[in-house]
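# Structural features, examined
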Amino acid sequence: MAYASETRERLRREIETIREAGLFKEERFIHAPQGAEIEVEFPAGEAARPVINLCANNYLGLSSHPEVLAAAHAGLDRRGYGMSSVRFICGTQDIHRELETALTAFLGTEDTLLFPSCMDANAGVFEALFDDQDVLIADRLVHASIVDGMRLSKAMRDTYKHADMGHLEEKLAEHQDRRTRVIVTDGVFSMDGDVAPLDQIVALAERYDAMVFVDDSHSSGFMGATGRGTHEAKGVMGRIDIITTTLGKALGGASGGCVSGRAELVELCRQRARPYLFSNSVPPVIVAAALKVLELVGRTTERRDKLEENARYWRRLLTEAGFDLKAGESPIVPVMLYNAKLAQEVSRDLFAEGIYVVGFFFPVVAKGQARIRTQLSAAHEKHHLDRAIEAFAKVGSRHGVLGLGRDEIVARFGL
Amino acid sequence: MNELQKLVRDYVVREYLEEGDTRTIDLDTPLISGGIVDSFSMVSLKRFLEKKCALQIPDAEATPAAFDSVRSIVDLVARLGGKGPAG
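Below is a short write-up of the structure. (Residues numbered from 1 in each chain as written. Chains lettered and ligands numbered in written order. Predicted model: local features only at pLDDT ≥ 70, side-chain atom pairs only at ≥ 80, totals over all residues. Heavy atoms only, no water.)

Another aspect to go through is the packing of helix α13 (residues 302-321) of chain A against helix α15 (residues 382-399) of chain A. Residue and element names in this part refer to chain A. Packing of α13 against α15 brings their axes to within 10 Å, and their N-to-C directions diverge by 25 degrees. One finds that α13 runs roughly parallel with respect to α15. The two elements α13 and α15 cross, and the hand of that crossing is right-handed. Only Lys 382, Leu 385, Asp 386, Ala 388, Ile 389 and Phe 392 of α15 make contact with α13, whose side of the interface consists of Glu 309, Asn 310, Tyr 313, Trp 314, Leu 317, Leu 318 and Ala 321. Class assignment of the residues belonging to the contact of α13 with α15 gives a composition of nine nonpolar, one polar and three charged. (Axes fitted to C-alpha atoms, helices over the stretch in contact; angles between N-to-C directions. Helix = DSSP H or I, 4+ residues; strand = E, 2+ residues; numbered from the N terminus. Parallel < 35°, antiparallel > 145°, perpendicular 65-115°, else oblique. Left-handed = near helix turned anticlockwise from the far one by under 90°. Contact = heavy atoms within 4.5 Å. Nonpolar A, V, L, I, M, F, W, Y, C, P; charged D, E, K, R; others polar.)

Here we come to the pattern of salt bridges. Going through the model one piece at a time under the given rule, you end up with 43 salt bridges over all chains. One network of salt bridges, in which partners are shared, links Arg 87, Glu 100, Asp 111, Glu 267 and Arg 270 of chain A. (Salt bridge = Lys/Arg side-chain N within 4 Å of Asp/Glu carboxyl O.)

Turning our eyes to something else, we now look at the nonpolar core. Residues and elements named next belong to chain A. In this structure, Leu 54, Leu 99, Trp 314, Leu 318, Ile 355 and Phe 392 are the most contacted members of the largest nonpolar core, which totals 66 residues. At nine residues, helix α12 (residues 284-299) tops the list of elements feeding residues into this core. Looking at which domains feed residues into this core, each of domain 1 (22-53 + 302-413) and domain 2 (66-299) gives three or more. With near-sequence residues (within four places) excluded, Leu 318 lies in contact with Phe 323, Leu 325, Val 333, Val 335, Thr 374, Ile 389 and Phe 392. (Core = buried A, V, L, I, M, F, W, Y, C linked by side-chain atoms within 4.5 Å. Buried < 20%, exposed > 50% of the residue type's maximum accessible area, 1.4 Å probe, protein only. Domains from an automatic or database assignment.)

The next thing to look at is the layout of surface pockets. The volume enclosed by the second largest pocket comes to roughly 410 Å³. At the level of secondary structure, the elements contributing two or more residues to the lining of the second largest pocket comprise β6 (156-160) of chain A together with α2 (42-52) of chain B. Among the elements that line the lining of the second largest pocket, the one with the most residues is α2 of chain B, at four residues. Partitioned by chemical class, the residues of the lining of the second largest pocket number seven nonpolar, one polar and eight charged. (1 Å grid on protein atoms, 1.4 Å probe; cavity = no way out; pocket = protein on both sides within 12 Å on 5 of 7 lines; lining within 4 Å. Points joined across faces, edges and corners; volume = space filled by probe spheres on them.)

What follows deals with the sheet that holds strand β7 (residues 180-186) of chain A. Two strands in a sheet stick together by hydrogen bonds in their backbones, pointing the same way (parallel) or opposite ways (antiparallel). Residue and element names in this part refer to chain A. The strand order across the open sheet built from seven strands is β4-β10-β9-β8-β7-β5-β6, with neighbouring strands paired in mixed fashion. Strands at the two margins of the open sheet, each flanked by one partner only, are β4 (111-115) and β6. Strand-to-strand twist of the sheet, defined as the mean angle between neighbouring strand axes without regard to direction, takes the value 20 degrees. When strand β8 (residues 210-215) meets strand β9 (residues 242-246), the two strands line up parallel, connected through three bridges. Bridge pairing in β9 links Phe 213 to Ile 242. Strand contacts of helix α10 (residues 263-272): β4, β8, β9 and β10 (257-261), with the helix running at about 30 degrees to β4, the strand carrying the most contacts. (Pairing = 2+ DSSP bridges.)

Shown next as structure tokens:
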């Protein structure tokens, strides 16, 4: 037998090592559609209980919106369940073209190509467009999918300190010998919730003849006055060369992603990007629902406005309660605890109080930067946040972290 | 520390430690396995050494193990016949 008992034992030991290191991830089973209030079974086998969800990427509250569901049903009826093909064989329907056109208009770019996910878009884009004559210069906190995508490219790779424009400028000057320089950044950084200074990045790109790549997955749909993304928020619409983003967060939350930007770059992705070439089409039901999402987002800014208000309100509640927050202007609000064990205990106790949040620690964030990442949604009402802050204050008080800054928390709990 | 060791140490501190990071870097501080330098960021260190020490570091030699401490980096430079700080 090829799966020898030694192999099984070795893999079991590896799993045990993960468990012993406190890094074992367990799924929690949700017995409800995604929303502000959900029923969660955890640990597995326990009765599902109602909790307020503060950890979804459901920023606009559209994951279970009735009009989105109706559009998905209609898409299923009109265009079927699956395409049983990649795009370029027989997997492209009229609605795929329609969605790509709608995303191009929404993002203010020249063209768009759908991928099964933004992870796939990031995995394919760098290899398709750049080679060993080029250099990719990435912010050190970009998403893991970008890191993986950059690894797949033959281009030289370098990094700059997080959001440090002086350091980026040094790197741009240093790499003037390369054919193409590409600045690579997230729009909103997923773990810190801070916003890339795209206005300054674009200015540097123009001064040093570089292209700009932005992953706007945690921004599309709500950042900027009409929700187009970080480029709108920072006043650089039309000046970003490549945007990758997802339909799996604010824009409906199902799955699917895209590369959007300069026409030639998108066309080269259509010709070469392997996750596009070798993976099935985004299913019709998701395409139809995403078209409805873009229509809803274009109809009114009510949802992104409410999200902004919720984020402001939640930040204020946490600050008044005495928590140490990462500063920011996005609906990602990290509550800093620094110590990994403390973050795990606080998230566990919050769950017992009916609040669903997750503690993040190394290797997801840097060592000594453990936190609870809270995420707001337009689906949250004030009463959800008022109830959540009661639980946070109770648990924070129990652990003695209220009113403490970084140094005091580290002094008390260690790193 | 000799001149080359100091040069490498100072570069690592300037290039990889964030403001407010009080960690000290000595000859044997693990840089890559210690999470101070990631594999992407090694590029800038390699280019810095090539420029400062007037040598070429073949990709096969630019391994995470070879770049894991100030000592191993300086050993690598010596092995490849680097000329020491070129100003």
